[in-house]
Amino acid sequence: MSFVSASKRLLTLTVSQSSAFCRCVTAKISSRSPLACVQTQALRRGICSSQVTQPLRSENKVTVNFVNRDGEKITVKANPGDTLLDVVIDQDLDFDGFGACEGTLACSTCHLVFDEEVFKQLGPITDEEMDMLDLAYGLTDTSRLGCQICLTKALDGMTARVPESVADIRQSDGSA
Amino acid sequence: MSIQSTILRVGRKTLLADVVTTPFLLRTHSLHKTATSGSLRVAAEHSGADDLVPPAIEVGDVQKGTRVKSLKEMPGPSAFGNLIEFFYRDGFSRIHEIQMEHSQKYGKIFKSRFGPQLVVSIAGRDLLAQVLRAEGVAPQRANMESWKEYRDISGRSTGLISAEGDDWLKMRSVLRQLIMRPRDVAAFSDDVSAVVVDLVKRIKVLRSQQADRHTVLNINDMYFKYAMEGISTILYESRLGCLEDSIPKTSQEYITALNLMFSSFKTTMYAGAIPKWLRPVIPSPGGKFCSSWDGLFKFSQMHVDKKLADIRAKMVRGEAVQGGLLTHMLVTMEMNKEEITANMTEMLLAGVDTTSFTLSWATYLLARHPHVQQQIFEEVTQTLGGRMPTANDVPNLPLIRGLVKETLRLFPVLPGNGRITQDDLIVGGYFLPKGTQLALCHFSTSMSEENFPGADDFRPDRWIRKDQSDRVDNFGSIPFGYGIRSCIGRRIAELEMHLALTQILQNFRIEVSPETEDIKAKTHGLLCPGAPIDLKFVDRV
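Because the structure is a prediction, the values reported are computed rather than measured.

Topic: the overall build of chain B
Here is step 1: Counting secondary structure elements, chain B contains 20 helices and eleven strands.
Here is step 2: Put simply, of all contacts in chain B between residues at least 6 apart along the chain, 78% involve residues at least 24 apart.
Here is step 3: With the model as given, the accessible surface of chain B reaches about 20000 Å², and the carbon-plus-sulfur share is 54%.

Encoded structure:
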């Protein structure tokens, strides 16, 4: 499917851009250029991938388990402050069609399902996210959008399940 | 993420290559929070009439064991009937009504012929969901040849509305990172509020010119200027003066070009139905269309050039460069200057009428439903007292959000949208080969009793959730579209409308004027009021 390869292309692009950014930031910091204020703000926003700018020791990481559409469990280490969509992209996890709008709240393809106890700890949900969830396929009472969930230490060891997509159903019917 | 990468490229990109050493300061948050336009959506909607084939469609995915039917078996009006409907009976201005009639007659999926073009209409909520969820990374909207033609002739770049495929994806990836996240758009709250304050003043000036001291004639004209002022503030980081008593000449010229553009829109739709080989016989409306495009581009070009000169001058003087959306785009040059200009043009174009029509309908509906107006007014008063609203207040004003949603359900600016399928699909039991032109019938689904009980009623509170787990199944009304090709200006448009409606309600009781008749909608590219709306704005207090 062209969708798969195209979305991959997109993800790779994003990742490579962000790492390029971090490299450059580091370079600028060391040269103490006037760009420093740009960097400071960017860093404060925590958007950079941290292994370049702020090496985190592994004990600061949060363990996240994903269960993919085939029921397989994938365990990764992630940085607090990252969204679950960031984690999927940074770790290059292959969930077909996931995060199509790049976390801009225009789709619901980063839909994830949580256990009830985890769901309660996920933080507030905005109207815009609820509106998008209304349009999610296979919505449950413990559904959220991955792009809106920021990791915290308290979420260490959490599990997020990737729900079935329309494409899976088409494939299992053998009709497309 | 791409914004950050952008910022960093600042240091090395061509524009600034020779001045890297000058102090360079970007307001990162405002960059990130940059913004834009109303609604990048364009109608591509055709359907037809006549002929009787019974509706046969059940909603949903393909069921196992069911025979998949071919396009030939799909019901729909005859090609001849359609020709009469659209060309003889001026169906273009009634597209939304024809869409309803046909969906009632032929079901949730039907086919029509529109000149040489076969169009499959999707008029069921669940089928619509299925089609939109199956979209790839660069969904193609429809035949935008008349728009493209101008770019080919003039050598200008396409923007988000007119571009397709990789070109589209590249620009979309840049722009969505700037203006789609609600929290980024919230950064424009103060700028937009300042424009709303001017709108309120403008209402007072306009009504004072009428004998009764209350009526504002043709409210859409006023909202048009509000929307234009609002979107320019965000896009160009400058005020145009559209809400002043005398509008500056360049802004007035732009308004004229925009009106010309829309008046030729319908003719360009006719043109789409004329086969290319007939063009020498039936001339295309290109002339007028192109000259209005020229006017629109000229305006963006002027703003872009001016901003670029400002930035360069600052850098030469060694001053820090600060700014919003346009500054950010020009400094980072993730898109080239032609692309920036084309997108500025298209975003401004898309962000004016769309917002103004919706504001016109919303205030019209409030005037016609005083009880609803009172209910919303009370919510506003309880939440804000007399304080001016900001973006942060909107979550606490659920009825204001409901008002915008309900207005767009009853009067979706874009009554239908287009898609060209990029894979073979089975929808509603029919096989649709890759490359099929679809018409997504948003008007039919949002007016369907099945999707919205009491569909003809104006009930903003139908959108209120009882609690966070309360789901409002709303694929039936997706006025901004859904997914990767949905309206990029959605959050900006929402902000402009939420803040304007709240302040208007705080200041005025809106009433129908004796001249206000029952206003019907008509399609003119977009769904718009069929006659001028005059309303009374009576001071609260």
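That covers the picture; the talk isn't over yet.
Quick notes on the side chain of Asn65 of chain A
Residue and element names in this part refer to chain A.
Here is step 1: Tracing the backbone shows Asn65 in strand S1 (residues 62-67).
Here is step 2: Since its relative accessible area comes to 8%, Asn65 is described here as buried.
Here is step 3: With near-sequence residues (within four places) excluded, Asn65 lies in contact with Lys73, Ile74, Thr75, Gly157, Met158, Thr159 and Ala160.

Some details on the sheet that holds strand S8 (residues 508-512) of chain B
Residues and elements named next belong to chain B.
Here is step 1: Across the sheet, which stays open at both edges, the three strands sit in the order S3-S11-S8 with antiparallel pairing between neighbours. Looking along the sheet, the strands with just one partner apiece sit at the ends: strand S3 (215-216) and S8.
Here is step 2: Here five bridges tie S8 to strand S11 (residues 535-539), and the two strands are oriented antiparallel to one another. When the bridges of S11 are listed, Ile510 appears paired with Phe537.
Here is step 3: Helix H16 (residues 353-368) rests against S8 and S11 of the sheet, and its axis sits at about 80 degrees to S8.

Regarding the nonpolar core
Here is step 1: In this structure, Phe66 of chain A together with Ile122 and Phe537 of chain B are the most contacted members of the largest nonpolar core, which totals 172 residues.
Here is step 2: Among the elements that line this core, the one with the most residues is helix H10 (residues 219-235) of chain B, at ten residues.
Here is step 3: Apart from the residues lying within four places of it in its own chain, the contact partners of Phe66 of chain A are Glu72, Lys73, Ile74, Val76, Leu84, Val87, Val88, Leu93, Phe95, Leu112 and Ala160 of chain A.

A short note on the pairing of strand S3 (residues 111-114) of chain A
All names here are of chain A.
Here is step 1: Burial along S3 is two-sided: the face carrying His111 and Val113 and the face carrying Leu112 and Phe114 are both buried.
Here is step 2: By the bridge criterion, three bridges tie S3 to strand S4 (residues 143-145) in an arrangement that is antiparallel. Looking at S4, one finds that His111 is bridged to Leu145.
Here is step 3: Relative to strand S5 (residues 158-161), S3 is paired through two bridges, and the arrangement is antiparallel. Note on S5: the bridge partner recorded for Phe114 is Ala160.

As for the pairing of strand S7 (residues 437-440) of chain B
All names here are of chain B.
Here is step 1: Judged by which residues are buried, S7 turns out to be covered on both faces: Gln437 and Ala439 on one side and Leu438 and Leu440 on the other are all buried.
Here is step 2: Bridging between strand S2 (residues 117-122) and S7 involves four bridges; their strand directions are parallel. Residue pairing for S7: Val120 is matched across the bridge by Leu438.
Here is step 3: Bridge analysis of strand S4 (residues 417-420) against S7 gives four bridges, and the strand direction is antiparallel. By the bridge assignment for S7, Arg419 is matched with Leu438.

Let's talk about the environment of Gly107 of chain B
Here is step 1: Relative to the elements of secondary structure, Gly107 of chain B occurs in the loop between helix H4 (95-106) and strand S1 (109-114).
Here is step 2: Taking the relative accessible area as the measure of exposure, Gly107 of chain B reaches 10% and is therefore buried.

A closer look at unusual backbone geometry
Here is step 1: Phi at Asp92 of chain A is positive, roughly 55 degrees, even though this residue is not glycine.
Here is step 2: Judged by its relative accessible area of 58%, Asp92 of chain A is exposed.
Here is step 3: Although it is not a glycine, Asn218 of chain B adopts a positive phi angle of roughly 40 degrees.
Here is step 4: Looking at where Asn218 of chain B falls in the secondary structure, it is placed in the loop between S3 and H10.

Some thoughts on the packing of H16 of chain B against helix H17 (residues 370-384) of chain B
The relative placement of two packed helices is expressed as an angle between their axes plus a distance between the axes.
Residues and elements named next belong to chain B.
Here is step 1: Packing of H16 against H17 leaves a shortest axis separation of 5 Å and a crossing angle of 110 degrees. Compared by their axis directions, H16 and H17 come out roughly perpendicular. Contact residues: Leu366, Ala367 and Arg368 in H16; Pro370, Gln373 and Ile376 in H17.

Notes on the environment of Ser189 of chain B
Residue and element names in this part refer to chain B.
Here is step 1: Looking at the element boundaries, Ser189 is found in helix H9 (residues 189-208).
Here is step 2: C-alpha separation for the pair Ser189 and Ala391, spaced 202 residues apart in sequence, amounts to 5.5 Å.
Here is step 3: Beyond its immediate stretch of four places on either side in the chain, Ser189 contacts Thr390, Ala391, Leu495 and Leu499.

Regarding the confidence of the model for chain A
Here is step 1: Summing up the model confidence of chain A, the mean pLDDT is 71 and the portion of residues at 70 or higher is 60%.
Here is step 2: Note that residues 1-55 of chain A has pLDDT below 50 and, in this model, 79 contacts with residues that lie over four places away or in other chains.

Examining the pattern of salt bridges
As a working rule, side chains carrying opposite charge can pair if their charged atoms are close by.
Here is step 1: This model, assessed by the stated rule, comprises 35 salt bridges over all chains.
Here is step 2: Across the pair Arg144 of chain A and Glu129 of chain A runs a salt bridge, and its minimum N-O distance is 2.7 Å. Of this pair, Arg144 of chain A sits in strand S4 while Glu129 of chain A is found in helix H6 (residues 127-133), placing the two residues 15 residues apart along the sequence.
Here is step 3: On the basis of relative accessibility, which here comes to 1%, the residue Glu129 of chain A falls in the buried class.
Here is step 4: Linking Arg317 of chain B and Glu319 of chain B is a salt bridge whose minimum nitrogen-to-oxygen distance equals 2.7 Å.
Here is step 5: Judged by relative accessible area, which is 53%, Arg317 of chain B ranks as exposed.

With respect to the sheet that holds S2 of chain B
Residues and elements named next belong to chain B.
Here is step 1: The four strands are arranged S1-S2-S7-S4 in an open sheet whose pairing can be described as mixed. Looking at strand neighbours, the two that pair on one side only are S1 and S4, the edges of this open sheet. Between one strand axis and the next, the sheet turns by 30 degrees as a mean value, whatever way the strands run.
Here is step 2: The pairing of S1 with S2 spans six bridges and is antiparallel. For Phe114, the partnering residue across the bridge sits in S2 and is Gln117.
Here is step 3: Contacts between helix H5 (residues 125-133) and the sheet are confined to S1, S2, S4 and S7, with S7 contributing the most and set at about 130 degrees to the helix.

Parameters and conventions
Residues numbered from 1 in each chain as written. Chains lettered and ligands numbered in written order. Predicted model: local features only at pLDDT ≥ 70, side-chain atom pairs only at ≥ 80, totals over all residues. Heavy atoms only, no water. Helix = DSSP H or I, 4+ residues; strand = E, 2+ residues; numbered from the N terminus. Contact = heavy atoms within 4.5 Å. Areas by Shrake-Rupley, 256 points an atom, 1.4 Å probe, with all protein chains shown as cover. Buried < 20%, exposed > 50% of the residue type's maximum accessible area, 1.4 Å probe, protein only. Pairing = 2+ DSSP bridges. Axes fitted to C-alpha atoms, helices over the stretch in contact; angles between N-to-C directions. Core = buried A, V, L, I, M, F, W, Y, C linked by side-chain atoms within 4.5 Å. Parallel < 35°, antiparallel > 145°, perpendicular 65-115°, else oblique. pLDDT = per-residue confidence, 0-100. Salt bridge = Lys/Arg side-chain N within 4 Å of Asp/Glu carboxyl O.

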